[in-house]
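Here is what each chain is made of, one letter per residue.
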Amino acid sequence: MKNFWKSGDPFVWLTGGAFIFSLLMIAGLLFLIMAKGLGFFWPTDIAQVTLEDGSKLLGQVRGREEIPQPGSPIGTPERRRIQLQIGNRDVYGLDFKWVDEDRIKKTDYPQDAVLFERREWGNMYGFIKEILVDGKVVAGGNKESWIALNSYLPKTQEIYKEIKRIEKKEIGDINYKIESLRLEIRKIELQEAITNLSIQAKITNLEDQIENQKKLYRDKEFELESLYKKQNKDKIVVVTVDGREKELSLGVIVRSYQPNTMSWFGKAVLYLSKLWEFVADEPRESNTEGGIFPAIFGTVMMVFIMSIAVLPFGVLAALYLREYAKQGLIVTIVRICVNNLAGVPSIVFGVFGLGFFIYAIGGTIDQLFYPEALPNPTYGTGGILWASLTLALLTVPVVIVATEEGLAAVPRNIREGSLALGATKFETVWKVIIPSAMPAILTGLILAIARATGEVAPLMITGVVKLAPALPIDGHFPFIHLERKFMHLGFHIYDVGFQSPNVEAAKPMVYATTLLLILIVVVLTLAAIIIRNRLRKRYVYSAF
Amino acid sequence: MSALPNPKTKDEQAARASAIQRRRLTDHAARAVVTFGGSGIVLCILAILVFISLEVYPLWKGAKAELVGRYNLVLPQRTPIVTTDRTVGDSNTSESSESQLTTINGSAVGSEFPILALGVEEYKKIGYIVTSTGRIDFISLKDGNTLEQVLIEGLDSRQVTSAKGSLDNRKFTLGTSDGYVLPVQINFKVSFNDNDERVIDPEVVAGELIQVDTFPITHVAFEAPNEGTKAVAAVTSDGRLIFLSELTTRSLLGEEKKEQFKHDLTSQLNGNTVTAMALDGFPDNLYVGTKAGKIFHWDMRDKANPKLNDIIDATKNPGTAITALGFLIGDRSLIVVDEAGDTSTWFLVRDEESPGAKRLEKIHELASHQAPVTAIAASARDKGFLSADSKGNIILQYATSERKLLEIPGQSIPIKALVFAPKANGALAVDEKGTLYDWEIDNPHPETNWKALFGKVWYEGYDKPEYVWQSTGGTDDFEPKFSLTPLAYGTLKGTFYALLFAIPLAILGAICVSQFMHPSLKNTIKPIIEIMAALPSVVLGFLAGLWMAPLVEKIVPAFSMMPLVLTIMTLISVFLWRLVPKSIRGKFKEGTEFLLLIPVFFLGVQICLWLNGPVEALLLGGDYKAWLLNTLGLQFDQRNSLVVGFAMGFAVIPIIFTISEDSLSNVPKHLTSGSLALGATRWQTAIRVVLPTAAAGIFSAVMIGFGRAVGETMIVLMATGNTPVMDWSIFNGFRALSANIAVEIPEAPHGGTLYRILFLAALLLFLMTFILNTVAELVRIRLRKKYGQL
């Protein structure tokens, strides 16, 4: 035994244990998010649970856990319960229900149970009773109705798409035009005396244009109304498991399926389509359902603008520090400061962005260029440009440090060779040093992007919103709207997970978003690591 | 390289020369651009600190006052008052009594100019004075001309002997020479004329006359908090204190029932002379200040039966007369000023000795005037007030922070009446000679000083001084509580628990990887750790708050057993491992044998979960939450420091690990080789040779990890309850500086006090992390030098 302790092996293994524990934590975290994020889209079977008192519940099993029994003596048998997503929020009020397993008498999977994904009120679970067109029953019974439903649904989906197009595109255009005309009038009023006759004529002209647009708007509204009528004409009557009847118009159904009859392959196809919807669609139901396309778009665009800002500035600063500045105490101090800036909390940068970019610069821009819109701020409020610049500031130390490292690693003989051949310093830097330091610069940029993608705190105060009305890029001149607020994956996680009214229903959505975010960050980081490793190898060889 | 070919023609020569010229120019230009741009960018980055400091600086600037007008008021013409039977004596006596006893906003002044009260409307265009003639004069503050003189209706040419104005100086209560009390309201109608200029039209609405007595009233207070309740307190010229109240209640059937109570409280005064009086707006409390420096406090909650609660010596030296009493906004804090020039605020505090009772206590001792205080005026916007003395000096102070914001030096003429503009952006004062002063006051951040930001402050409604952060409240009279201490405390608490978890794991892991693992394994390990470092904190926060917190809540006993169980399991596995024949052991690459611990850990965690129930039942009485509360007095919150420590530790581990590992594996090889050659075990080498050499590097790793944990925002925001409590319990949450900024800055108005205080919090975070990182960096630079020399 004495030998056991003396050998030191126990301590060595304890350090190993600490390390393995850390690895397990990372692996566990990734696995957890993977399982929860990807599992959600799989159409599991609909269970019909009959309880001891004879009442029935219909829904998908979402979880199972032990029931805590505080105060019970040892040896009390474990009791478990399952979490059932029963949906039908408009009927029951709650989406989820915990059911104690010892109260369940029977669980079966009825073949004709149908799941409706709806545009509002979440999922609906039930059985089809009949289909009504113009108030007349066109199909009754389960099988017949199911076939009829599948033939009617594509038509209403088309109408829905048309409605969305009109609402978003055409009415959006009209509103945009009206707003810009209004601002134009306001601008003229601010600049010139209204007494001038020609000015007055101009204003009247503009006002007429507004009237025209308003007329157009009313026409569109009329058109929409008729479309809505058409969409809601066809109805389906669904019977819930406890026998209540609910009439749904086909227009609110996103998709419907009978998971209990589906083959594995059919489920896989559905799974992919749901996955695609998640990535490419807009969110519904205060972000707890649908897709996250605007958040992906916002994140990518923000990172893009940030890269445009951070790359030249970071490289310029690194070039100055490494190639042009006289190496001495001051440069060493500056270098340490820049290094340390990477460790300053991101929220501090957010506060700076709010005070400097938004209030100081944005406020000035508004006063100089957009006085007609005041007191509504244009640039004097959070927006994608300010958020990107704030993140650029946050990540510029990363780029500087990485670039400097790369510049320092360029072998001296290459540099001297270039100078000896008569190249000027600039030519050496531009044609020799920067190309060979390119991988390092790229590494820095990728690391900066990875950091920016995951950062949320500074964005919360510089322009991220839970639901942006429009993307920062659209068809209206000047096409790129840098002053607009935007959505962001990281903020989406925070918002949906912590601020949404129905956290339980939102959780799967958050896991899926998290998975996507982690995927982006991990891929970027791995890319940076791989590039860096290659780079190291190259220098190892070129040094000899 | 061969020699350059000779130029053939002159043209070519010229072309080459100009090309060289151009290249040189480009080179110079590039140098200029890089130098200028590069240093500019570096400066810009460093300017962040400067900018944030600039935003914070105004918090420390005091208030500024500018005298914008100074006018000599024309003495109102004295129409000789026809005395009636009811008045005491003739006009002469009434005048003489007035000269002894008139009050202005509660302050007694020996009078020359017959002003009783003063007011100003909210745009500071018109000031108005109430004089003893029963007339209100409206004076333009542009030029000092009298705009209008309004005789108060219903006064019927009675002489006014006392007056008291409300905080917004729109309501006045007048006491007459024949014992009547009259509430008066002044309204301003604002309209715009053709030139878009604001036209303000004053209007005086008199209320109902209330007879209190037949003697002249020297001090008066009137409150009507709602339709049915009225209360009047008055002091007569012969020193009697009378309280009158009227309650109108409406029964269900709509019948009105009027109750009237009249109390003569003179006997309870014990012969003290009243010099000041204040009645709060509820009206629940009546405070009376006397010539002997005592405050009498009556509890008026039961209107039928006022109860003398307390008699307190309120001045520093007993016997100093109290010259005025008044309330800060909210009518809870009583301002007490005296003849010696001392100013203080008081409010009711729960009495520890007799439960349920409240006692008046001195809360804030403020700056002294060194001369008798003649008038006070509270701000209608914040907990600040103005006080003026007999030398004409005026002081602006803020009660909560006990901060003296401004002192306006006087002309050595006593100020008789003083008033704060309704928007707290100006003040009017009238001195004994009848000069009206009009000040513009700029007082953007009265609430802050070091004491209010970091010290214990006694806030209204609290039983003792405390550290509190509560930046906004529901009502206008809310007292903002800006103590950064609980937030800094929260930050440190979170950091402490995070490091408690992260330091052992990270450093032990670093020792393992650098000393006991085959170097070829490092290439696979490093990327994993780097990915761990890159995980967005919002992800960790989300998992901690929504997944882990509910999970941990169920298995707290198992969770706390885990470190012990896992350690024991590891030791057992070492023991077993040593029994394995060497031939098998040799097949493992150095370091890969630790992978055998993975199943052991799974087993260990499972054992902990199995033990959870029995341990809870046997040791913790079956319910650990109840046990915690009863035995240790700890409240269990679901989102607590345990969860935050775990999640934030997770974020900090890779940072500490990477830097420690760097410094550990860079320890010169000859040291370890020498140690091993001398027969030390690998553990002895690691702990006695490598660790001491690399200690500085590990220290700097911990510092940088500390810096990261201090600034972490999203994890703290999502995984704690964000309540600014101050205790070290691991089972409840906290509110950190960073999360506080994220929560509150979107709501903070630009340029306001809260906005700047949040900038101050950001500045604190910046400095803290910057200093930590700089120290760590310097330590590392020194360490590298040391390694070079070894």
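Described below are features of the structure shown in this document. (Residues numbered from 1 in each chain as written. Chains lettered and ligands numbered in written order. Predicted model: local features only at pLDDT ≥ 70, side-chain atom pairs only at ≥ 80, totals over all residues. Heavy atoms only, no water.)

1. Observations regarding the overall build of chain A
Next up, step 1: When you go through chain A residue by residue, the secondary structure sums to 15 helices and 13 strands.
Next up, step 2: At 31 Å, chain A has a C-alpha radius of gyration far larger than the 24 Å of a compact globule built from 544 residues.
Next up, step 3: Reported as C-alpha extents along the three principal axes, the dimensions of chain A are approximately 105 × 90 × 45 Å.
Next up, step 4: By residue count, 52% of the 544 residues in chain A fall in the buried class.
Next up, step 5: Here the analysis covers contacts within chain A between residues at least 6 apart in sequence; of these, 67% occur between residues at least 24 apart.
Next up, step 6: Of the roughly 25,400 Å² of accessible surface on chain A, 62% is carried by carbon and sulfur atoms.
Next up, step 7: Computed over 61 positive and 56 negative side-chain charges, the separation of the two mean positions in chain A equals 7 Å. (Helix = DSSP H or I, 4+ residues; strand = E, 2+ residues; numbered from the N terminus. Rg over C-alpha atoms; globule rule 2.2 N^0.38 Å. Buried < 20%, exposed > 50% of the residue type's maximum accessible area, 1.4 Å probe, protein only. Contact = heavy atoms within 4.5 Å. Areas by Shrake-Rupley, 256 points an atom, 1.4 Å probe, with all protein chains shown as cover. Lys, Arg positive; Asp, Glu negative; His and termini not counted. Charge placed at Lys NZ, Arg CZ, Asp CG, Glu CD.)

2. Points about the overall build of chain B
Next up, step 1: In terms of helices and strands, chain B carries 16 helices and 33 strands.
Next up, step 2: The C-alpha atoms of chain B give 38 Å as radius of gyration, which overshoots the globular expectation for 790 residues (28 Å, by more than 25%).
Next up, step 3: For chain B, the spread of C-alpha atoms along the principal axes amounts to about 125 × 105 × 55 Å.
Next up, step 4: Residues classed as buried in chain B amount to 54% of the 790 residues present.

3. Here's the deal with the interface of chain B and chain A
Next up, step 1: Listed by partner, the interface residues are 98 residues for chain B and 92 residues for chain A.
Next up, step 2: Between chain B and chain A the total buried area reaches about 8,700 Å² when both faces are included, carbon and sulfur atoms providing 83% of it.
Next up, step 3: At the boundary of chain B and chain A, one finds 5 salt bridges.
Next up, step 4: A salt bridge links Arg532 of chain A to Glu530 of chain B, with the nearest nitrogen and oxygen atoms 2.9 Å apart.
Next up, step 5: Counting the contacts that link chain B with chain A gives 9 residue pairs in polar contact (both at pLDDT 80 or more).
Next up, step 6: Examining the composition of the side of chain B that touches chain A, we find that 17 residues originate from one element, helix H1 (residues 10-56) of chain B, more than from any other.
Next up, step 7: For the side of chain B that touches chain A, the residue count by class is 67 nonpolar, 20 polar and 11 charged. (Buried area = accessible area lost by both parts, 1.4 Å probe. Salt bridge = Lys/Arg side-chain N within 4 Å of Asp/Glu carboxyl O. Polar contact = N/O pair within 3.5 Å; in protein donor to acceptor, adjacent residues only side chain to side chain. Nonpolar A, V, L, I, M, F, W, Y, C, P; charged D, E, K, R; others polar.)

4. Let's talk about the side chain of Asn285 of chain B
Residue and element names in this part refer to chain B.
Next up, step 1: Positionally, Asn285 belongs in strand E18 (residues 285-290).
Next up, step 2: Of the residues examined, Asn285 reaches a relative accessible area of 11% and is grouped as buried.
Next up, step 3: Here the side chain of Asn285 touches Asp280 through a polar contact of 3.0 Å, side chain to side chain.
Next up, step 4: A polar side-chain atom of Asn285 sits 2.8 Å from a polar atom in the side chain of His297.

5. A short note on a nonpolar patch on the surface
Next up, step 1: Together, Leu564, Ile568, Ile572, Phe575, Leu576 and Leu579 of chain B make up an exposed nonpolar region whose accessible area comes to about 600 Å².
Next up, step 2: By the element assignment, Ile572 of chain B lies in helix H7 (residues 556-579). (Patch = residues over 30% accessible without salt bridge, like charges linked within 9 Å, V, L, I, M, F, W, Y side chains within 5 Å.)

6. A look at the packing of helix H2 (residues 9-39) of chain A against helix H4 (residues 485-515) of chain B
Next up, step 1: Relative orientation of the contacting elements H2 of chain A and H4 of chain B amounts to 110°, with a least axis distance of 7 Å. The angle between the axes of H2 of chain A and H4 of chain B places the two elements in the roughly perpendicular class. Our pair here, H2 of chain A against H4 of chain B, has a crossing hand that is left-handed. Between H2 of chain A, through Thr15, Gly16, Ala18, Phe19, Phe21, Ser22 and Met25 of chain A, and H4 of chain B, the contact on the second element is made entirely by Phe501, Leu505, Leu508, Gly509, Ile511, Cys512 and Val513 of chain B.
Next up, step 2: Of the residues assigned to the contact of H2 of chain A with H4 of chain B, the class counts are 10 nonpolar, 4 polar and no charged. (Axes fitted to C-alpha atoms, helices over the stretch in contact; angles between N-to-C directions. Parallel < 35°, antiparallel > 145°, perpendicular 65-115°, else oblique. Left-handed = near helix turned anticlockwise from the far one by under 90°.)

7. Things to note about the pairing of strand E26 (residues 384-389) of chain B
Residues and elements named next belong to chain B.
Next up, step 1: With 6 of 6 residues buried, E26 is to be regarded as a mostly interior element.
Next up, step 2: Going residue by residue along E26, you find Gly384, Leu386 and Ala388 tucked away on one face and Phe385, Ser387 and Asp389 tucked away on the opposite face as well.
Next up, step 3: Across 5 bridges, the pairing between strand E25 (residues 373-378) and E26 is antiparallel. Its bridge partner lying in E26, Ala378 is registered against Phe385.
Next up, step 4: Counting the residues that bridge the hairpin from E25 to E26 gives 5 residues.
Next up, step 5: Where E26 and strand E27 (residues 394-398) come together, 5 bridges link them in antiparallel fashion. Bridging across to E27, Phe385 finds its partner in Gln397.
Next up, step 6: Where E26 hands over to E27, the hairpin turn is made up of 4 residues, of which Gly392 adopts a positive phi near 90°. (Pairing = 2+ DSSP bridges.)

8. Focus on the sheet that holds E18 of chain B
Residues and elements named next belong to chain B.
Next up, step 1: Pairing in this open sheet of 4 strands is antiparallel, and the strands run E17-E18-E19-E20 from one edge to the other. Among the strands making up the open sheet, the edge pair consists of strand E17 (274-279) and strand E20 (307-313). Going from strand to strand, the sheet's axes swing by 20° on average, the running direction of each strand aside.
Next up, step 2: With 6 bridges connecting them, strand E19 (residues 294-299) and E20 associate as antiparallel partners. Counted as the bridge partner of Trp298 is Leu308 from E20.

9. A look at helix H7 (residues 293-324) of chain A
Next up, step 1: Compared with the 46 Å implied by 1.5 Å per residue over 32 residues, the 45 Å span of H7 of chain A between its first and last C-alpha is a close match.
Next up, step 2: Along H7 of chain A, the sharpest change in direction is near 25° and occurs at Val310 of chain A; proline Pro312 of chain A comes one to four residues later. (Expected span 1.5 Å × (residues − 1). Bend = angle between axes of the 7 residues up to and from the residue.)

10. A closer look at the sheet that holds strand E24 (residues 358-365) of chain B
Residues and elements named next belong to chain B.
Next up, step 1: With antiparallel pairing, 4 strands are arranged side by side in an open sheet as E21-E22-E23-E24. Two strands lie at the open edges of the sheet, namely strand E21 (322-327) and E24, each paired on one side alone. On average, each strand axis in the sheet is tilted by 30° relative to the strand beside it, whichever way the strands run.
Next up, step 2: Of the strand pairs in this sheet, E21 and strand E22 (residues 334-338) are connected by 5 bridges, and their pairing is antiparallel. By the bridge assignment, Gly326 is partnered in E22 with Ile335.

11. Describing unusual backbone geometry
Residue and element names in this part refer to chain B.
Next up, step 1: With omega at -25°, the peptide bond leading from Phe282 into Pro283 counts as cis.
Next up, step 2: Its place among the elements puts Pro283 in the loop between E17 and E18.
Next up, step 3: Positive phi values are uncommon outside glycine, yet Lys124 reaches one of about 60°.
Next up, step 4: You can see Lys124 is positioned in the loop between strand E4 (115-120) and strand E5 (126-131).
Next up, step 5: Phi angles above zero are rare outside glycine, and Asn270 is one such case at about 60°.
Next up, step 6: Inspection of the secondary structure puts Asn270 in the loop between strand E16 (256-264) and E17.
Next up, step 7: With a relative accessible area of 63%, Asn270 lands in the exposed category.

That's the geometry; what it means functionally is another story.
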